[in-house]
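Next come the chains, spelled out residue by residue.
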Amino acid sequence: MEQFVVTTIRLSVPLIFAGLGGLFSVRAGIFHIGIEGLMLAGAFVTVAIGSALGSVWLGIGGAIAVNLLLSWVYWFLIDRLKADMIIAGLGLTTLCVGGTAFLMSAFFNKRGSMTSQVRLPQPVVGPQEGLLAYVSELSLLAWLLPLFVLIVWLLLRRSRLGLQLAAIGEYPYAAEAAGVNISRSKLYAMLITGICCALAGAELAVGGLAAFSENMTNGRGFIALAAILFGSLDPIRTTLAGLFFGLANAVGINSQIYAGASNVPRQFILMLPFAATIFFVTLRGYASGRNAPRVS
Amino acid sequence: MRSGLAASLRALVPIALAFALGFALFAASGYDVAAVLAGLWQGAVAAPGSLEQSLRWALPLAIVSLGIIITLRTGEFNIGAQGQLLVGGLGAVAAPLLLPDLPPAIVIPLALLGGIIGGALWSGIAGALKVWFNSDEVINTLMLNFIAVLLIQWFTTGPFKDDSTRGENASTPRIDLSFRLSDSSGVSLELLVIVVIAALFAWLLVERSPFGLQSKLVGSSPRVAAWQGLRIRRIHILTYLLAGAFAGLAGALEVLGPSGRLVTGATPTLGFTAIVVAIVGLLRVPGALLAALFFGGLQAAILFLPIVTNLPSSGLRIIEGLVALLITAQFIWRRRRDSASESEA
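Here's what I pulled together on the structure shown here. Worth saying up front: this structure is predicted, and the values here are computed from it rather than measured. (Residues numbered from 1 in each chain as written. Chains lettered and ligands numbered in written order. Predicted model: local features only at pLDDT ≥ 70, side-chain atom pairs only at ≥ 80, totals over all residues. Heavy atoms only, no water.)

1. Remarks on the overall build of chain B
Check the secondary structure of chain B and you find 13 helices and zero strands. Moving toward the C terminus, one meets the helices and strands of chain B in the order α-α-α-α-α-α-α-α-α-α-α-α-α. Here the C-alpha radius of gyration of chain B, 20 Å, is about what a compact globule of 345 residues would show, namely 20 Å. Summarising its shape, the C-alpha atoms of chain B cover approximately 55 × 55 × 35 Å along the three principal directions. The proportion of buried residues among the 345 residues of chain B is 60%. If you take every contact in chain B between residues at least 6 apart in sequence, the share linking residues at least 24 apart comes to 78%. Counting every atom, chain B has about 13,800 Å² of accessible surface; 67% of that belongs to carbon and sulfur. (Helix = DSSP H or I, 4+ residues; strand = E, 2+ residues; numbered from the N terminus. Rg over C-alpha atoms; globule rule 2.2 N^0.38 Å. Buried < 20%, exposed > 50% of the residue type's maximum accessible area, 1.4 Å probe, protein only. Contact = heavy atoms within 4.5 Å. Areas by Shrake-Rupley, 256 points an atom, 1.4 Å probe, with all protein chains shown as cover.)

Structure (structure tokens):
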């Protein structure tokens, strides 16, 4: 049971970091499909720089720097050059899928996957045996999650940027008329998304496993995006949605381990988060009526 | 289209830029750029059998992109071609596996129909949810892609399982040779004829039919379309069904053609590349066919490249990603308004 809870948390943490980060962009009216790619870039750069320099913190710092650059490029393309955000977002993700695999091969001479020389500290040491032993598997970022959620909540609800984003999302013309620099707010939102995706990727790669493998995000960025919609663009509900998706994933994984415990094929359990997302997005779309502003 | 030249440049500038950036990265990483270029040329065009390989990948890309043209012109962002393709493959593999004793003249049309229906249904889910429930099609088609992958995984490890396969390569048993439309090369007269028919059908539909005009109007100015009394919901639903039908047909041809069975991890990037193909082709049928040949060549080169250079094949994914990233950006002149360039924020 405790193992199950810990597995759920470990699967949820990257989703929540990416989801809350993506929330800034989505609130600014950007349906940020590139989150998937940014997470992957974050995971790779953390492992690559962290291993090369022997410090997980330098690795994460590098991941944040790379993601800030990528986020700026994406902002420049869709805001200044009016590129289509969905197509360019898919392109950003493909670029990161190809780029991380390419750089791993070019600079580390590894194909498929590489082990990391560094990992995040796991600050709480549980008892060696017994049910509570699993808590020692949680990384520092997992323990910092509540603080992170609080910071995001404060940023969105209390900061100037957060309020501007809310205005842009609800009434862009009114916001502009009131003197909000929409372009710049979008840029800030996307940079925050980039930073959070770097943390999400770092947790994924060096939170428990200490390894990077090609395309290791495997759709988690898209699920994080779904968690945002599932959470109705609210930070607390997005967090809960991330936990729910982590739970569904943990159930899927565990049904694999405890084969025979249920007759439902594990693929159907793994479908749950996706099906639930469609259901909830539909419910929300229906409730918002035909004239409501679209998310994407 | 004011000027054909300007329009082609609009597609060619981002591609050239993507190649330049990609090759700059290859050079910076210490690869021999001349050797990579030579390898690309060989893998796509010059080496024995490479043209055939290019065509093998161009055919499914072309068919899927035809459906994407139809949706993007209507202003709908159906990015679920990947899932529709897979479910189409599932619909196609059913008849040959369940009715092996019937003659090919019955089973092959059934399989093609199964593929078309499978793809159309999968796309129709997203379409129906969008039209009747105002549900976001981008997120829904993305989610349906993942559900499709899991569904295929279940079929190839459960009901339709071939015991000798597992993991990424888990697949259904091979279908009988008499039901195949091509050998593993993926190029045959039958496949070519089907693709030509599909392209003609799409061209007539998009350029010469009332539906084509109406859907374009719905995409570019929905209000005008509503004032004209067009039945917008019906046009939207038809759009989704058609897009899914094309993707499903491509999935069926994959099963009846080069693959000969339904494989779990097959063609994971085809649906995405087809979107790029449609946009590079400027949402026109002839343009998309040309772009499909180009990206088919690139795909063939990706598979060939490891033989002649040490450049990892992921290098060409970078170029593909850069093309998608840059292709809708307005570099020099303002783009004509069309459905692909309109952000719907």
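2. Regarding unusual backbone geometry
With phi around 50 degrees, Asn-215 of chain A is a residue other than glycine that occupies positive phi space. A relative accessible area of 34% places Asn-215 of chain A in the partly exposed class.

3. Describing the packing of helix H5 (residues 140-158) of chain A against helix H6 (residues 160-170) of chain A
Residues and elements named next belong to chain A. Between H5 and H6, the shortest axis-to-axis distance is 5 Å and the interhelical angle comes to 65 degrees. Contact residues: H5 offers Leu-155, Leu-156, Arg-157 and Arg-158, while H6 offers Arg-160, Gly-162 and Leu-163. For the contact of H5 with H6, a count of residues per class yields three nonpolar, one polar and three charged. (Axes fitted to C-alpha atoms, helices over the stretch in contact; angles between N-to-C directions. Nonpolar A, V, L, I, M, F, W, Y, C, P; charged D, E, K, R; others polar.)

4. Things to note about the side chain of Thr-193 of chain A
All names here are of chain A. Along the polypeptide, Thr-193 turns up in helix H8 (residues 182-206). Given a relative accessible area of 0%, Thr-193 falls into the buried group. The residues touching Thr-193, leaving out its near neighbours within four places in the chain, are Gly-21, Gly-22, Phe-24, Ser-25, His-32 and Ile-35.

5. Quick look at the interface of chain A and chain B
Contacts between chain A and chain B engage 50 residues on the former and 52 residues on the latter. Across the chain A to chain B interface the summed buried area is about 4,500 Å²; carbon plus sulfur atoms make up 74%. In this structure, the connection of chain A to chain B is made through zero salt bridges. On inspection of chain A and its partner chain B, the count reaches six residue pairs in polar contact (both at pLDDT 80 or more). For the side of chain A that touches chain B, the elements supplying multiple residues, two or more each, are helix H4 (85-108), helix H9 (220-230) and helix H11 (266-288) of chain A. (Buried area = accessible area lost by both parts, 1.4 Å probe. Salt bridge = Lys/Arg side-chain N within 4 Å of Asp/Glu carboxyl O. Polar contact = N/O pair within 3.5 Å; in protein donor to acceptor, adjacent residues only side chain to side chain.)

6. Re the side chain of Thr-156 of chain B
Among the secondary structure elements, Thr-156 of chain B is positioned in helix H6 (residues 137-157). Among residues more than four places away in sequence, those in contact with Thr-156 of chain B are Lys-161, Asp-162, Ala-170, Ser-171, Thr-172, Leu-262 and Thr-264 of chain B.

7. As for a nonpolar patch on the surface
Where nonpolar side chains cluster on the molecular surface, the patch consists of Leu-144, Leu-147, Leu-150, Ile-151, Leu-154 and Leu-155 of chain A and spans about 480 Å² of accessible area. Residue placement: Leu-150 of chain A occurs in helix H5. (Patch = residues over 30% accessible without salt bridge, like charges linked within 9 Å, V, L, I, M, F, W, Y side chains within 5 Å.)

8. Concerning the packing of helix H5 (residues 104-133) of chain B against helix H10 (residues 232-259) of chain B
Residues and elements named next belong to chain B. Look at H5 against H10: their axes get within 6 Å of each other, and the N-to-C directions meet at 145 degrees. Crossing angle aside, the handedness with which H5 passes H10 is right-handed. Partitioning the contact of H5 with H10 into residue classes produces 17 nonpolar, eight polar and two charged. (Left-handed = near helix turned anticlockwise from the far one by under 90°.)

9. Digging into the packing of aromatic side chains
Inspection of the entire model under this criterion finds 22 aromatic pairs over all chains. Relative to Trp-154 of chain B, the ring of Phe-268 of chain A has its centre 4.8 Å away and its plane inclined at 80 degrees; by these criteria the two rings are edge-to-face. With Phe-268 of chain A in helix H11 and Trp-154 of chain B in helix H6, the pair connects residues from two separate chains. Relative accessible area serves as the criterion here: at 29%, Phe-268 of chain A is assigned to the partly exposed category. Here Trp-154 of chain B falls in the partly exposed class, since its relative accessible area comes to 23%. Ring geometry for Phe-23 of chain B against Phe-26 of chain B: centres 5.2 Å apart, planes inclined by 70 degrees, an arrangement best described as edge-to-face. Here the residue Phe-23 of chain B and the residue Phe-26 of chain B both occupy positions in helix H1 (residues 4-28), the gap between them amounting to three residues, near one helical turn. Overall, the relative accessible area of 0% leaves Phe-26 of chain B in the buried class. Three or more aromatic residues joined by ring pairs make a cluster, and in this case those are Phe-102 of chain A together with Phe-19, Phe-23, Phe-26, Tyr-31, Phe-294 and Phe-295 of chain B. (Phe/Tyr/Trp six-rings, centres within 6.5 Å; stacked < 30°, edge-to-face > 60°.)

10. Remarks on the pattern of salt bridges
Residues and elements named next belong to chain A. In this structure the tally under the stated criterion is eight salt bridges over all chains. Across the pair Glu-137 and Arg-10 runs a salt bridge, and its minimum N-O distance is 2.8 Å. Here Glu-137, found in the loop between strand S1 (113-115) and H5, pairs with Arg-10, found in helix H1 (residues 2-27); they are 127 residues apart in sequence, far enough to count as distant. Since its relative accessible area comes to 31%, Arg-10 is described here as partly exposed. In this structure, Asp-79 engages Arg-80 in a salt bridge whose closest nitrogen and oxygen atoms are separated by 3.7 Å. Look at Asp-79 and you get buried, because its relative accessible area is 11%.

11. What about H1 of chain B?
Residues and elements named next belong to chain B. Between its terminal C-alpha atoms H1 stretches 36 Å, which fits the 36 Å expected from 25 residues at 1.5 Å a residue. Turning to H1, its buried residues are Ala-7, Arg-10, Ala-11, Pro-14, Ile-15, Ala-18, Phe-19, Gly-22, Phe-23 and Phe-26. The positive-phi residue at the C-terminal boundary of H1 is Gly-30, with phi of around 90 degrees. (Expected span 1.5 Å × (residues − 1).)

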